[in-house]
Amino acid sequence: MSFYEVYEQFRGFDMESFFKRVTGAQVKKIITKNRLTEFDYLALLSPAAEKHLEEMAQRARRLTVQHFGRVMMLFTPLYLSNYCVNQCVYCGFQAKNRLERKKLTPDEVEKEARMIAATGLKHLLILTGESRRESSVAYIRACVEILKKYFTSINIEIYPLEEEEYAELIAAGVDGLTIYQEAYDEEIYDQLHPAGPKRNYRFRLETPERACRAGMRAVNVGALLGLHDWRSEAFFTGLHANYLQDTFPEVEVSISPPRIRPHLGGFQPKVKVSDKNLVQYMLAFRLYMPRGGITVSTREPVWLRDRLVKLGATRMSAGSCTAVGGRSVNEHDDGQFEISDERSVAEMARMLYRQGCQPVYKDWQMI
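Caption draft 1: Focus on the overall build of the protein. Across its full length, the protein carries 15 helices and nine strands. Radius of gyration (C-alpha) of the protein: 20 Å, near the 21 Å computed for a compact globule of 367 residues. Along the three orthogonal principal directions, the C-alpha set of the protein runs to about 60 × 45 × 40 Å. Burial statistics for the protein: of 367 residues in total, 62% are counted as buried. Across the protein, the fraction of contacts at a sequence separation of at least 24, relative to all contacts at a separation of at least 6, is 76%. Summed over all atoms, the accessible surface of the protein reaches about 15200 Å², with 49% contributed by carbon and sulfur.

Caption draft 2: Looking closely at the pattern of salt bridges. For the structure shown, the criterion picks out 24 salt bridges. Between E8 and R11 there is a salt bridge, with its nearest N and O atoms 4.0 Å apart. Taking the shortest distance from any N to any O, the salt bridge between R231 and E50 comes out at 2.7 Å. Of the two residues, R231 sits in helix α12 (residues 230-247) while E50 sits in the loop between α4 (38-44) and α5 (53-68), which places them 181 residues apart along the sequence. Given the relative accessible area of 25%, E50 is considered partly exposed. What you see here is one network of salt bridges that share partners, running through R305, D306, D341 and R343.

Caption draft 3: View of the side chain of Q181. For Q181, the location among the structural elements is in strand β4 (residues 174-182). Polar side-chain contacts of Q181 include one of 3.5 Å to the backbone oxygen of Y201.

Caption draft 4: Local environment of the packing of aromatic side chains. Counted under the stated rule, the structure contains 19 aromatic pairs. Aromatic side chains F13 and F39 sit 5.8 Å apart centroid to centroid with 50 degrees between the ring planes, which places their arrangement in the tilted category. One end of the pair, F13, is in the loop between α1 (3-10) and α2 (15-21); the other, F39, is in helix α4, and 26 residues separate them in sequence. Residue classification places F39 among the partly exposed residues on the basis of a relative accessible area of 34%.

Caption draft 5: View of the packing of α12 against helix α13 (residues 275-288). Interaxial distance between α12 and α13 falls to 11 Å at its minimum, and their mutual angle equals 25 degrees. When the interaxial angle is binned, α12 and α13 end up roughly parallel. By crossing handedness, the relation of α12 to α13 is classed as right-handed. Residues W230, R231, A234, T237, G238, L239, A241 and N242 of α12 touch α13, and the partners they reach there are N277, Q280, Y281, F285 and Y288. When the residues that make up the contact of α12 with α13 are grouped by side-chain class, the tally is seven nonpolar, five polar and one charged.

Caption draft 6: Quick look at helix α7 (residues 137-147). Taken together, the buried positions of α7 are V137, Y139, I140, C143, V144, I146 and L147. At its buried positions, α7 is contacted by β1 (71-79), α6 (106-117), β2 (123-127), β3 (153-157), α8 (163-172) and β4.

Caption draft 7: Region of interest: α1. Those residues of α1 that fall on the buried side of the exposure criterion are F3, Y4, V6, Y7 and F10. With its buried residues spanning 155 degrees around the axis, α1 presents them on a single face. Looking at the buried residues of α1, the elements they touch are α4, α9 (186-192), α10 (201-205), α11 (207-214) and α12.

Caption draft 8: Structural view of the packing of α7 against α8. Two elements in contact, α7 and α8, have axes separated by 9 Å at closest approach and are oriented at 15 degrees. Overall, the two elements α7 and α8 adopt an arrangement that is roughly parallel. Crossing of α7 over α8 shows right-handed handedness. Contacts between α7 and α8 pair V137, I140, R141, V144 and E145 from the former with E165, E168, L169 and A172 from the latter. Among the residues forming the contact of α7 with α8, the class breakdown is five nonpolar, no polar and four charged.

Caption draft 9: A look at unusual backbone geometry. Non-glycine residue E182 carries a positive phi angle of around 75 degrees. When you line up the elements, E182 lands in strand β4. Accessibility expressed as a relative area gives 8% for E182, which makes it buried.

Here is what the cut-offs are and how they apply
Residues numbered from 1 in each chain as written. Predicted model: local features only at pLDDT ≥ 70, side-chain atom pairs only at ≥ 80, totals over all residues. Heavy atoms only, no water. Helix = DSSP H or I, 4+ residues; strand = E, 2+ residues; numbered from the N terminus. Rg over C-alpha atoms; globule rule 2.2 N^0.38 Å. Buried < 20%, exposed > 50% of the residue type's maximum accessible area, 1.4 Å probe, protein only. Contact = heavy atoms within 4.5 Å. Areas by Shrake-Rupley, 256 points an atom, 1.4 Å probe, with all protein chains shown as cover. Salt bridge = Lys/Arg side-chain N within 4 Å of Asp/Glu carboxyl O. Polar contact = N/O pair within 3.5 Å; in protein donor to acceptor, adjacent residues only side chain to side chain. Phe/Tyr/Trp six-rings, centres within 6.5 Å; stacked < 30°, edge-to-face > 60°. Axes fitted to C-alpha atoms, helices over the stretch in contact; angles between N-to-C directions. Parallel < 35°, antiparallel > 145°, perpendicular 65-115°, else oblique. Left-handed = near helix turned anticlockwise from the far one by under 90°. Nonpolar A, V, L, I, M, F, W, Y, C, P; charged D, E, K, R; others polar. Arc of directions from axis to C-beta.

Below, the structure is given as structure tokens:
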């Protein structure tokens, strides 16, 4: 059984009718429970739960401190390549967009690595577009060999691989995977991906399982908020994370709740996801999965990220750049999307200290 079978069990579930039956009294009772069912989680995502966000926030804060302490893991992304063969309508790197295509040379990878390492960060997320010709597994492995001289943890956010390919990268020094399903609704997913290998919904959906079987230490999943109804996407993201945690208890499982940002191509999101919606999603997930990590990227504005520190977030990016070689090589090139929080690592650390939170630059050491 894979998560696709779990998804099929809930495909077509009438959430609107479910939400109409949820009462405030039910929500208050769920907030006090030690273990939530999937329907408890869905109830916390309901419109009725909006009136109880303060109670949810207090419980979420206690659970976060209990399981993670008063700390925040910091990391930054490094884009290796923007070559892509997909036509995802929401992405600045999609094949039809006109931009300078580039991938970093070994010397450029090392230059970027030195600049990032100088900030003190030891956790890195490397990204590529989906092009097996330009960003082959061999190319990524060679980059990892360079990067592991500077970083103790290297995560990848690349195109889906086969299990043996993940094992190859793990052997080279990769220990974490981030992969967004983008949209869990299969019909919406098909509309958003008109051409390219990313059209294969099920292969992408089952990617985290292949990585876990290969020995990946940490896996991060999520949907890009704004492409479809946020409550539905939050629900399936939570189900996915819970399935992975139950199936692979040795793996550190987390989610990301990214909202779509302006990018080359000008795609406009069909669904508005408000700050309140995002907070409700994060709080509901924390109560549903107390040990699940929550990553908040620089897509979100400064003022909101500051407040999310005490609302369940466990991992944040800092000193981000979404252009290939944007720190040292192509400082004015188009990135994948516009970031909102442009603070440096040092500025993020100062903010965290002011809130009584310890910034963590390293919590893992590759053998």
